[in-house]
Amino acid sequence: MIVGIEGTVEKKDPTYVHVNVNGLIYEVLVSINTSNRISDKKVKLFVTQVIREDAHLLFGFMDTNEKKMFDTVLKINGVGPKVGLAICSTFTPETFARVVSAKDVSMLKRVPGIGPKAASRILVELADFIVDGHEESAHSGAMGEAIMALESLGFKKDAIQKALSGATGDTSTLVKEGLKKLQRL
């Protein structure tokens, strides 16, 4: 079972990347969120492998929470990899957790391939979906808003976390502190 892939990006498309691993090139299907986060030639993806009668597919994610979300929705009867990837492309794991906890059928119906019945079934079966606890608690409130603000400015999540580790304060203070430290990194 393949659980991760690391290599050089040969070709990138919004829905897939070709990753060269020591001369062997793999096609890895990705969500639009993951595709947008791939900016370097070197890439490391967490992978879910789906083996069907007619294909062996690799689905790659930059974030373990996005992979967890994909794996979780695949377990629901009637949700396949195509719809799972559409959900990952439409929502971040944090947003998806909020949609599920709010039981927001109308938000879930925005995903291509999900109608009202499927949306209701997904919400019922995922009533307990939670993003990884330590990451969620670390990014709640002002810290979460500061991280999102810095990400929207184009900084990488790991650099942001390094810059903000140990910082405290309201959102604007955290953003200012993060910007100062990110300029030095």
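Here, every reference points to the structure presented above.
> Explain the environment of Lys 67 to me, and be specific about the residues and the numbers.
Topologically, Lys 67 is positioned in helix α2 (residues 64-74). Given the relative accessible area of 19%, Lys 67 is considered buried. Measuring from C-alpha to C-alpha, the distance between Lys 67 and Ser 39 comes to 19 Å, with 28 residues separating the pair along the chain. Aside from chain neighbours lying at most four places away, what touches Lys 67 is Phe 46, Val 47, Thr 48 and Phe 61. There is a polar contact of 3.3 Å between the side chain of Lys 67 and the side chain of Thr 48.

> Which residues make up helix α10 (residues 171-184), and what are the values?
With 14 residues, α10 extends 20 Å from end C-alpha to end C-alpha; this agrees with the ideal 20 Å at 1.5 Å per step. All of the buried residues along α10 are Leu 174, Val 175, Gly 178 and Leu 182. The buried residues of α10 all sit within an arc of 95° when viewed along its axis, so they share a single face. Residues of α10 that are exposed and angled more than 90 degrees away from the buried face: Lys 176, Gln 183 and Arg 184.

> Give a detailed account of helix α4 (residues 93-102), specifying residues and quantitative values.
Buried residues of α4: Pro 93, Glu 94, Phe 96, Ala 97, Val 99 and Val 100, and no others. Note on α4: the residue one or two positions beyond its end, Lys 103, has a positive phi of about 50°.

> Give a description of the packing of aromatic side chains that names residues and reports values.
As enumerated under the stated definition, the model contains three aromatic pairs in all. Measuring from centroid to centroid gives 6.0 Å for Phe 91 and Phe 96, while their planes differ by 40°, and the two rings are tilted. Judged by relative accessible area, Phe 91 falls into the buried class, the value being 3%. An aromatic cluster is defined as three or more aromatic residues linked by ring pairs; in this entry it consists of Phe 59, Phe 61 and Phe 70.

> I'd like a description of the sheet that holds strand β2 (residues 16-21), backed by residues and values.
Read around the closed barrel, five strands run β1-β2-β3-β5-β4, paired in mixed fashion. Ignoring strand direction, the axes of neighbouring strands in this sheet form an average angle of 55°. In this sheet, strand β5 (residues 56-61) lies alongside strand β3 (residues 24-30) in parallel orientation, the contact comprising three bridges. If you follow Val 30 over to β5, its bridge partner there is Gly 60. Across the sheet, α2 lies against β4 (42-51) and β5, angled at about 10° from β4, the strand it touches most. Against the sheet, helix α3 (residues 81-90) touches β3, β4 and β5, its axis set at about 10° to β5.

Parameters at a glance
Residues numbered from 1 in each chain as written. Predicted model: local features only at pLDDT ≥ 70, side-chain atom pairs only at ≥ 80, totals over all residues. Heavy atoms only, no water. Helix = DSSP H or I, 4+ residues; strand = E, 2+ residues; numbered from the N terminus. Buried < 20%, exposed > 50% of the residue type's maximum accessible area, 1.4 Å probe, protein only. Contact = heavy atoms within 4.5 Å. Polar contact = N/O pair within 3.5 Å; in protein donor to acceptor, adjacent residues only side chain to side chain. Expected span 1.5 Å × (residues − 1). Arc of directions from axis to C-beta. Phe/Tyr/Trp six-rings, centres within 6.5 Å; stacked < 30°, edge-to-face > 60°. Pairing = 2+ DSSP bridges. Axes fitted to C-alpha atoms, helices over the stretch in contact; angles between N-to-C directions.

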